[in-house]
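Observations on chain architecture
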Amino acid sequence: MSEKENTSLEKIVSLCKRRGFVFQGSEIYGGLAGTYDYGPYGNDLRHNIKQYFWQKFVLDREDVYGMSTAILMPRKVWDASGHTSEVGLNDPLVECKICHERVRADQQEVISDHEKTHKNKKVEWTEPVKFNLLVETKLGSSEKSSTEVNLRGEITQGVHVNFKNILDSMHPKLPFGIGQIGKAFRNEITPRDFLFRQREFEQMEIQYYIKPEETEGDRVYDYWKDEAFSWYLSLGFSKENLRWRQHASDELAHYAKDAWDIEYNTSFAGWKEAWGVHHRKDWDLKRHSQYSGVDLSYYDEEKKERFIPWDIECSGGVDRAVLFVLLEAYTEDVLSDEPRVYLKLKPSLAPIKVAVFPLLKNKPNLVTKARGVYQALKKEIPQVMWDDNGNIGKRYRRQDEIGTPFCVTVDFNTLTDETVTVRYRDNGLQDRLHINDLAAFLKEKLK
Ligand code: GAP
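If you're wondering where the values come from, they're calculated on a predicted model, not measured in any experiment. (Residues numbered from 1 in each chain as written. Predicted model: local features only at pLDDT ≥ 70, side-chain atom pairs only at ≥ 80, totals over all residues. Heavy atoms only, no water.)

Focus on the overall build of the chain
- The number of helices and strands found in the chain is 13 helices and 25 strands.
- C-alpha atoms of the chain, sized along the principal axes, occupy 75 × 70 × 50 Å.
- Counting every position in the chain, which comprises 447 residues, the buried fraction comes to 51%.
- Here the contacts in the chain between residues at least 6 apart in sequence split such that 65% fall between residues at least 24 apart.
- Of the accessible surface of the chain, which amounts to about 21,500 Å², a share of 50% is contributed by carbon and sulfur atoms.
- When the 65 positive and 71 negative side-chain charges of the chain are each reduced to one mean point, those points stand 4 Å apart. (Helix = DSSP H or I, 4+ residues; strand = E, 2+ residues; numbered from the N terminus. Buried < 20%, exposed > 50% of the residue type's maximum accessible area, 1.4 Å probe, protein only. Contact = heavy atoms within 4.5 Å. Areas by Shrake-Rupley, 256 points an atom, 1.4 Å probe, with all protein chains shown as cover. Lys, Arg positive; Asp, Glu negative; His and termini not counted. Charge placed at Lys NZ, Arg CZ, Asp CG, Glu CD.)

Structure representation (structure tokens):
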């Protein structure tokens, strides 16, 4: 019987390190807070999630183009987008009057944790001040000639500043969208909760441009909310662990007329934001038109009129998706009287799809046969792994822990009847299949 445990974040962090999913950034130098490095399995899981997004939101559609824009952008872009302003990308910050450490004023848990570090002293805090999260750097060879630029705080602006380039090169008709996946950077004051709040992270977004009409805006907004929710759900979540939450008027981003978040019910901190759908109206294109002096309007051939389109945005965090998928998949159960940990990943997202073993490592005829099965399968399913280390039970457990949905074992029967066993991760049951049917069978299951 399989029971979904109330998974602690520590268990995920530990599995990620132990099994090569995710490591602390620059770990051997003490680690850089808010940065993480993806190891082989984590990199593949993340890649599979991004690929799945791209397939559904860009490749499967006729009305969405893909883009990849620069991370470095001049300050003027962020002045135009409003991110440098008082209402922009800011967090409220308070300073401890004893040690001068600064923490987020709106994170009570962080404040309490800090106060505990000054054991018998009463901690006093300064009034909150706004702290801008944009990461700054300079480009150029000398102090005098260098230019101040920002690492983008959201990938969105790279798309908006290219609106005219897309109109002039692709000649799209409204409505149309532009999709992008890429890194964003925020100088988070208290990066925390592993991949949840980082300083360097990845986003996957669609900016969908429409005619500036209220009814059309509402219809398209609802449409993208539905698309986003069903896609997120299809990453393998149970329905009761996802919900919608509308932003209250005082928490709306400066660019948003309305905003809804898909939230995931995390085992470590309750409901947390996974994805946002934002009605950005004409905020970005209008501001970039004003600040750049370049006309970013659209000419409607049919109605013979020119206007600034509205933008409905879908914006999801890639790393949050990785974290939430791992939390949802992490399962502890007892199989064949032994406790085990396994990742109940959707097969198409699993980093390794199939592992191939010879029953015994020291029988050359079994090893040769199994190598043949492995090599033939690898041509059909690239994410196949060879493992002949330790006994068969240990190999199954190792694969379970990284979420491999199928294990294929070549045994003595294979030598005579050309059949192998296929063992299923979630229940440990096995089928026997002819080698010739193996690739087609597994490919069907991996869809
Ligand atoms: N373009 C809109 C935008 O950036 P956002 O709500 O600030 O909106 C979108 O970010 C998504 O990016 C969030 O729903 C979240 O999944 C992810 N995200 C935001 N800040 C993050 C951080 N510090 N670490 C990891 N992911 C983050």
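A look at the environment of Gly153
- Its place among the elements puts Gly153 in the loop between strand S10 (147–151) and helix H5 (156–160).
- Residue Gly153 is classed as buried on the basis of its relative accessible area of 0%.
- Sequence-wise, Gly153 and His254 are 101 residues apart; in three dimensions their C-alpha atoms are separated by 14 Å.
- Each residue touching Gly153, except ones within four places of it in the same chain, is listed here: Trp78, Leu89, Leu134, Ala184, Phe185 and Arg186.

Here we look at helix H8 (residues 283–292)
- Every buried residue belonging to H8 is among Asp284, Leu285, Arg287, His288 and Ser289, and all of these are buried.
- Residues of H8 that are buried make contact with helix H3 (75–81), H5, helix H6 (163–170), strand S12 (200–210), strand S15 (270–281) and strand S18 (310–317).
- Looking at the residues trailing H8, positive phi occurs at Gly293, about 80°.

Some details on helix H11 (residues 392–402)
- Of the residues making up H11, those classed as buried are Arg395, Tyr396, Gln399, Asp400, Glu401 and Ile402.
- Among the residues of H11, the N-terminal cap falls to Asn391, whose side-chain oxygen and the backbone nitrogen of Gly393 are separated by 3.0 Å.
- Of the residues flanking the end of H11, it is Gly403, one or two places downstream, whose phi is positive at about 85°. (Polar contact = N/O pair within 3.5 Å; in protein donor to acceptor, adjacent residues only side chain to side chain.)

A few points about the site of the ligand
- Taken together, 22 residues lie around the ligand, and Glu154, Thr156, Glu205, Glu273 and Glu313 are the ones closest in.
- Phe196 has a polar backbone atom sitting 3.2 Å from a nitrogen atom of the ligand.
- Calculation on the ligand without its partners gives an accessible area of 550 Å², and the protein chains cover 93% of this total.
- Contributions of two or more residues to the shell around the ligand are made by S12, S15 and S18.
- A total of six residues in the shell around the ligand trace back to one element, the largest contributor, which is S15.
- Partitioned by chemical class, the residues of the shell around the ligand number six nonpolar, seven polar and nine charged. (Near = heavy atom within 4 Å. Nonpolar A, V, L, I, M, F, W, Y, C, P; charged D, E, K, R; others polar.)

Overview of the pattern of salt bridges
- Applying the stated rule across the entire model yields 44 salt bridges.
- The partner of Glu227 in a salt bridge is Lys56, with the nearest N and O atoms 3.5 Å apart. Remark: Lys56 occurs in helix H2 (residues 40–59) and Glu227 occurs in helix H7 (residues 214–233); sequence separation between them is 171 residues.
- Under the relative-accessibility criterion, Glu227 is labelled buried at 16%.
- When its relative accessible area of 30% is taken as the criterion, Lys56 is described as partly exposed.
- Here the salt bridges share partners, and the residues they tie into one network are Asp91, Arg104, Asp106, Glu188 and Arg197. (Salt bridge = Lys/Arg side-chain N within 4 Å of Asp/Glu carboxyl O.)

Examining the packing of aromatic side chains
- Scanning all chains against the criterion turns up 28 aromatic pairs.
- Seen in terms of ring centroids, Phe229 and Trp244 are 5.7 Å apart; in terms of plane orientation they differ by 35°. Their pairing is tilted. Taken together, the residues span a long stretch of sequence, with Phe229 in helix H7 and Trp244 in strand S13 (residues 242–246) at a distance of 15 residues.
- When the ring of Trp231 is compared with that of Trp275, the centres are 5.5 Å apart and the planes differ by 50°; the resulting orientation is tilted. Of the two residues, Trp231 sits in helix H7 while Trp275 sits in strand S15, which places them 44 residues apart along the sequence. (Phe/Tyr/Trp six-rings, centres within 6.5 Å; stacked < 30°, edge-to-face > 60°.)

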